[in-house]
Every structure is written in structure tokens, then in C-alpha cells.
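Examining the three-dimensional arrangement
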Amino acid sequence: MQATEVELGLPVNSVLNDTYKIKEVIASSKLSFVYIAENTQEGNQIIIKEFFPNDIALRDLDNKTVINRVPSTKQKFEDLKDIFLNEALIMQQINHRNIVKYINHFEENESIYIIMEYYEGMLLDQYLKDYPINDRDHLYTSIFLPLIDALRYLHKKGILHRDIKPSNIMIDSEGNPYILDFGSAIYYKTAENYQIFTSPGYSPLEQYSTISEQGVYTDIYSLAATFYYSLTNVIPPDISQRLIEDKMGDVRKYNKKVSVFLSKMILWGLAVQAKKRCSSLKYMKLVITIEDIVNRIMNYFKENNSN
């Protein structure tokens, strides 16, 4: 993170809502700052996400108030603020053991703040570095089955996450996964058009359009891309590179331990055209479960034969 970005964040020890004391900036994006803070009334740590559109915002002279930089971007500033508020309102409706827990949100300093539970752990892309490619069997049941369960929960509520990727999945100190960042999330059954939010390698074709229909298959693509990366250490080619000639490599090209069955399942989830893509997380859950059972049986015989 660049020093200038940190300097634009709230000063350390700033107090929000007469309750939350800022300890440090831990992340920033084009739309926000993320802080670790202390709840001074209860003594526990929490996470705060602050609306701050870096390209068009500044701090006022009090070093806290968020202001629009120039008059020509006033409408954009307000539109982005509405998107940020929508994230808070969506999170308010969610309660699942594998999704970051919403605590509160409020407006202050001409900005919006989302308060979330703090988790001791690391992001999935960092977590994977502790395990060689051929030693990731535990991911099936400890990481991906819970993620599928969390996504099915969201979809039943009519919510698409639209930004599943390794850097939006937290693994806590006990190995439990949590889906983070609902900045791109929408109620897909009622949406009339779609804001374009994309992550290279992880976003399907329909997310590059404001009018293309989006559904469960949209999150399936991102989850399959995350699964692909988790088993290969290779980010899938961006969808724009696959339109004319699709050179998507088979998972087994990088990891022979993955079965043909699971490899084909992942590629099905990564189909460029939505109509040709896996349409239900039930199929993915079934294949992952079978893969885990087969691996357990094979490991059992290997251990007994070596004794």
C-alpha cells in the first residue's frame, strides 16, 4: 500500500460514533479504506470499512470529513455513495457462519462506515502458500464445501456476490473460510441493470455488461476460477483472452493429483458462455464430495500398504 494512500486514511486514534477508535489502515481500494479499530465500550477489535472514493475524494481541513474533489464529479460521488450504502444494506440481511459478520453501519464525516467482526487469520491467496500443490486435499471439505454452502445461502436470498476470488476469502486461525467484501453484490432477481465490477481472471463475460442477464452461474464462474487457482497456483486467463481462441489449460496440466472428473467440473464452471456453464452449485458440491471420498480411500490404502 502506498504511503500517500495511508495518509488519506483517518488518523490513528480517531473515534467514530463515540465508540470505535481507529488503530490502523489495513487495506484500501478505489472506493474505500479498511481499518482495524477498537470498540472502546466492549474492548474488542472490529473491522471498519469507510466510503472514500480515492480518485475523486479528499479529506477536509479537519482531516476526517470526506469531500468531493471537484464540482464535475459531484454526481459520481453521490452514485458511488449509494453503491456503498447498498453494500451495508445487503450485509445487514446476511447471517451465515461462513460470511463476514455485519455489526452496524452509520453515516458520519459525510461518509458511510460499515462495522464488521474481526477475524484473526489470512486471505486465501496467502493461506495457500503454506501448502504444496499436491498437499491440498483438505481444501475440498474445509474450504470449498463451506464456501458453496455460503453461496447457496446468498442465492436463496436473491443475492449475487459477483466478486468471489482468493483475496475476498478470509481463512481464520482455525481454518474456517469467510466470504468478504459485498461491494459488488446485488439482488439479481430485481436488478434492472448492473454496475460493471470485474476482477481479471475471476469475472465471467456477463459482468462486463450493464445489461447482460446475471444469475447463479455468474458466481459459479468466479468460484470455479478460485478453485482452479487454489489447485494450480495459476490465475485463469481473463475472459477477454478466451473469446477468440480459448486456451484455458486443464487443471491436471498443473496438478496431476486432481481427478479427470473434478478437472472437467471446474472447466464446466469456467465456460465462457453462460448457457454452457454449470448452472447449479449442487453439481459442484457433489463432485467435490466424491473427490474427497476417493482421496480418503486412496490415502487409507497407501498408509496401510506402507505399514
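The structure we're discussing is the one just above.
Values in this document were obtained by computation on a predicted structure and should not be read as measured data. (Residues numbered from 1 in each chain as written. Predicted model: local features only at pLDDT ≥ 70, side-chain atom pairs only at ≥ 80, totals over all residues. Heavy atoms only, no water.)

1. Brief notes about the sheet that holds strand β1 (residues 15-16)
The following threshold applies: Only strands joined by at least two bridges in the DSSP assignment are considered to pair. Going along the chain from the N terminus, every DSSP run of H or I of four or more residues is numbered as a helix, and every run of E of two or more is numbered as a strand. Any pair of residues with heavy atoms lying within 4.5 Å of one another is described as a contacting pair. Here an axis means a line fitted to C-alpha atoms, over the contact stretch when the element is a helix, while the angle between two N-to-C directions is reported on a 0 to 180 degree scale.
Within the open sheet, the 6 strands sit side by side as β1-β2-β3-β4-β8-β7. Their pairing is antiparallel. Unpaired on one side and paired on the other, β1 and β7 (102-108) mark the two borders of the sheet. One ladder, built from 6 bridges, connects β7 with strand β8 (residues 111-117); its direction is antiparallel. Across the sheet, residue Y102 finds its bridge partner in β8, namely M116. Strands in contact with helix α2 (residues 74-92) are β3 (32-39), β4 (45-51), β7 and β8; relative to β8, the strand with the most contacts, it is inclined by about 25 degrees.

2. Re helix α4 (residues 139-156)
To keep it simple, the criterion reads: Expected span of a helix, by definition, is 1.5 Å for each gap between consecutive residues, and there is one gap fewer than residues. Relative accessible area decides the class of each residue, using a 1.4 Å probe on protein chains only: under 20% of the type maximum gives buried, over 50% gives exposed, and in between gives partly exposed.
Between its first and last C-alpha, α4 extends 24 Å over 18 residues, near the 26 Å set by a 1.5 Å rise per residue. Burial analysis of α4 places 13 of its 18 residues in the buried class, the great majority of the element.

3. Observations concerning the environment of I143
In this fold, I143 is placed in helix α4. Taking the C-alpha atoms as reference points, I143 and L124, 19 residues apart in sequence, are found 9.3 Å from one another. Discounting chain neighbours no more than four positions away, the residues touching I143 are L124, Y127, H138, I171, G175 and P177.

4. Let's talk about the sheet that holds strand β9 (residues 121-123)
With antiparallel pairing, 3 strands are arranged side by side in an open sheet as β9-β11-β12. Only two strands of the sheet have a single neighbouring strand rather than two, namely β9 and β12 (177-179). Across the sheet, the mean angle from the axis of one strand to that of its neighbour is 25 degrees, orientation sign disregarded. Here β9 pairs with strand β11 (residues 169-172) via 3 bridges, running antiparallel. Each residue of the ladder has a partner; that of L123, found in β11, is M170. Running over the sheet, α4 touches β11 and β12 and is turned about 35 degrees from β12.

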